[in-house]
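Coordinate inspection notes
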Amino acid sequence: MTRAPAGGAIERVGVLGCGLMGAGIAEVCARSGAGVVVVEASDGAVATGRKRLTASLERAVASGRLDSAARDEVLARISFGTGIEAFADRQLVIEAVPEVLELKLDAFRRIDAAVADPEAILASNTSSIPIGRIAAATGRPGQVLGVHFFNPVPVLPLVELVSSLQTSPDTLARARSFAEGLGKQVILAQDRAGFVVNALLVPYLLSAIRMLEAGHASAEDIDTGMVAGCAHPMGPLRLADLVGLDTTLHVANSLYGEFKEPHYAPPALLMRMVDAGRLGRKSGAGFYTYD
Ligand code: CAA
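All values reported here derive from a predicted model rather than from experimental measurement. (Residues numbered from 1 in each chain as written. Predicted model: local features only at pLDDT ≥ 70, side-chain atom pairs only at ≥ 80, totals over all residues. Heavy atoms only, no water.)

The next thing to look at is the state of the cysteines. Among covalent bonds in proteins, the disulfide is the one between the sulfur atoms of two cysteines. Tallied over the entire structure, the rule returns 0 disulfides. The closest cysteine sulfur to the non-disulfide-bonded C29 is located on C18, 12 Å from its own sulfur. C29 sits in the buried class, given a relative accessible area of 0%. (Disulfide = S-S within 2.5 Å. Buried < 20%, exposed > 50% of the residue type's maximum accessible area, 1.4 Å probe, protein only.)

Next up on the list: the sheet that holds strand β2 (residues 35-39). Two pairing modes exist for strands in a sheet, parallel and antiparallel, and in both the strands are linked by backbone hydrogen bonds. As summarised here, the arrangement of the 8 strands in space is β3-β2-β1-β4-β5-β6-β7-β8, forming an open sheet in which the pairing is mixed. Each of the sheet's edge strands pairs with one partner strand only, and the pair in question is β3 (78-81) and β8 (185-189). This sheet shows a mean twist of 25 degrees between the axes of neighbouring strands, independent of strand direction. In terms of strand pairing, strand β1 (residues 12-16) meets β2 through 5 bridges, oriented parallel. Bridge pairing in β2 places V13 opposite V36. (Pairing = 2+ DSSP bridges. Helix = DSSP H or I, 4+ residues; strand = E, 2+ residues; numbered from the N terminus. Axes fitted to C-alpha atoms, helices over the stretch in contact; angles between N-to-C directions.)

Quick look at the pairing of β1 now. Buried residues dominate β1, accounting for 4 of its 5 residues. Each parallel crossover has a hand, and the one from β1 via helix α1 (residues 20-31) to β2 is right-handed. Note that β1 and strand β4 (residues 92-95) share 4 bridges and pair parallel. The residue bridging G14 from the neighbouring strand is V93, located in β4. (Right-handed = clockwise from strand over helix to strand, strands pointing away.)

This brings us to unusual backbone geometry. Omega for the bond connecting N151 with P152 falls within 30 degrees of zero, at 0 degrees, which places this linkage in the cis form. Residues other than glycine seldom take positive phi values, yet A231 does so here, at roughly 60 degrees. Judged by its relative accessible area of 68%, A231 is exposed. Phi at K260 takes a positive value of approximately 55 degrees, unusual for a residue other than glycine. Following the sequence through the fold, K260 ends up in the loop between α10 (245-259) and α11 (268-275).

Among the 19 residues in the neighbourhood of the ligand, the closest are listed as R65, S127, H148, N151 and N198. Within the side chain of S63, an N or O atom sits 3.3 Å from an oxygen atom of the ligand. Protein chains bury 67% of the 1,000 Å² of accessible surface belonging to the ligand in isolation. Elements supplying a minimum of two residues to the shell around the ligand: α2 (43-62), α7 (197-213) and α9 (236-243). The element that contributes the greatest number of residues to the shell around the ligand is α9, accounting for 3 residues. In terms of residue class, the shell around the ligand is built from 11 nonpolar, 6 polar and 2 charged. Per-domain counts for the shell around the ligand show at least three residues from each of domain 1 (12-189) and domain 2 (199-280). (Near = heavy atom within 4 Å. Polar contact = N/O pair within 3.5 Å; in protein donor to acceptor, adjacent residues only side chain to side chain. Areas by Shrake-Rupley, 256 points an atom, 1.4 Å probe, with all protein chains shown as cover. Nonpolar A, V, L, I, M, F, W, Y, C, P; charged D, E, K, R; others polar. Domains from an automatic or database assignment.)

The next point concerns the nonpolar core. Core analysis: the biggest nonpolar cluster contains 38 residues, and V13, V36 and F149 have the highest contact counts within it. At 7 residues, α1 tops the list of elements feeding residues into this core. Every residue in contact with V13, bar those within four places of it in the chain, is listed here: C29, A34, G35, V36, V37, R90, L92, I94 and F178. Within the second largest apolar cluster, 26 residues are counted, among which are V202, A240, L242 and M273. (Core = buried A, V, L, I, M, F, W, Y, C linked by side-chain atoms within 4.5 Å. Contact = heavy atoms within 4.5 Å.)

Relative to the assigned elements, N198 resides in helix α7. Of the residues examined, N198 reaches a relative accessible area of 8% and is grouped as buried. A polar atom in the side chain of N198 sits 3.4 Å from the backbone oxygen of S127. Ignoring sequence-local partners within four residues, the contact set of N198 consists of S127, H148, P203, V251 and L255.

Turning our attention to the domain arrangement of the protein. Parsing the protein into structural domains produces domain 1 (12-189) and domain 2 (199-280). Between domain 1 and domain 2, the residue contacts involve 9 residues of the former and 7 residues of the latter. Summed over both sides, the interface of domain 1 with domain 2 buries roughly 570 Å², with 60% coming from carbon and sulfur. When the buried area of domain 1 at its contact with domain 2 is split by residue, E99, S128 and N151 rank highest and sum to 58% of it. Between the two partners, domain 1 and domain 2, sit 0 salt bridges. Across the domain 1-domain 2 interface, the total number found is 2 residue pairs in polar contact (both at pLDDT 80 or more). (Buried area = accessible area lost by both parts, 1.4 Å probe. Salt bridge = Lys/Arg side-chain N within 4 Å of Asp/Glu carboxyl O.)

Side chains of R59, R65, R238 and R281 sit close together on the surface and give a patch of like positive charge. Relative to the helices and strands, R281 resides in the segment after α11. You can call R281 partly exposed: its relative accessible area is 41%. (Patch = residues over 30% accessible without salt bridge, like charges linked within 9 Å, V, L, I, M, F, W, Y side chains within 5 Å. Lys, Arg positive; Asp, Glu negative; His and termini not counted. Charge placed at Lys NZ, Arg CZ, Asp CG, Glu CD.)

Here you go:
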């Protein structure tokens, strides 16, 4: 007989960070019935995050995927604040702060200190930073793993689960059952930079940026090539804008740092665009401009 994982079903979730990914993660957790506490760094970031999450729910209502009573129930299950002590009673905390190692390590030290439940799972939505390194910043490395969602979180069905060398089998089993309860499809990945999807996707995005930089074709033609020629839902430059050029750069740096392969090295154009604050859709301009 297989032993049930300790800790029981997860009904109280914390999400640290309410940017593109954090807002989507909070939304799908609350839509599946969990109570969600969202913590952001400042009142301004809370207001922006709340607006982002509400806009996504409104979109679901407008397209008939959610009725307005259900939207109100979802919103009632989510609370927002700036104090990490609000995570004290959480059974699962998912960190979704920017892809910068020092920020992640600091976040995990603070989450570890705030969460009282000794069986709670501390998860990172990192797309490229080693889970083992993040886990070492906590006093409970066996309960730390990667739970990596894809953007837009309410739309894309995948979650990558990443165990470090120290993640316990119970932690993985509980996280798997939670992610499947969100209606997500799970794949397991080794704790290597980029895991499965970004290790394949990001060099493709970087190649498209190099192609544009070298003048092989226009941004529109590169994108049309992959949409009309390969049936991708969007071309690589529009996708880089959706992911965020800062995030694309951080992931490229993590991949290059780990494997030292030239195809992971960020192209100069990407670095200059990030320097200029052209971060893609979220800043209003990247390879394209947005309202
Ligand atoms: N939030 C919520 N719902 C959204 C949404 C968002 N941000 N964007 C789109 N949707 C919903 C729409 O409401 C719509 O649903 P209905 O049909 O029920 O109304 C559906 O998704 C399709 O949207 P649209 O008709 O507006 O647009 P589309 O058909 O062009 O699809 C897309 C948009 C879903 C973004 C699609 O182009 C797509 O899937 N692109 C690829 C995205 C991708 O590859 N993401 C992975 C990025 S990598 C990553 O995230 C990992 C990382 O670590 C960097």
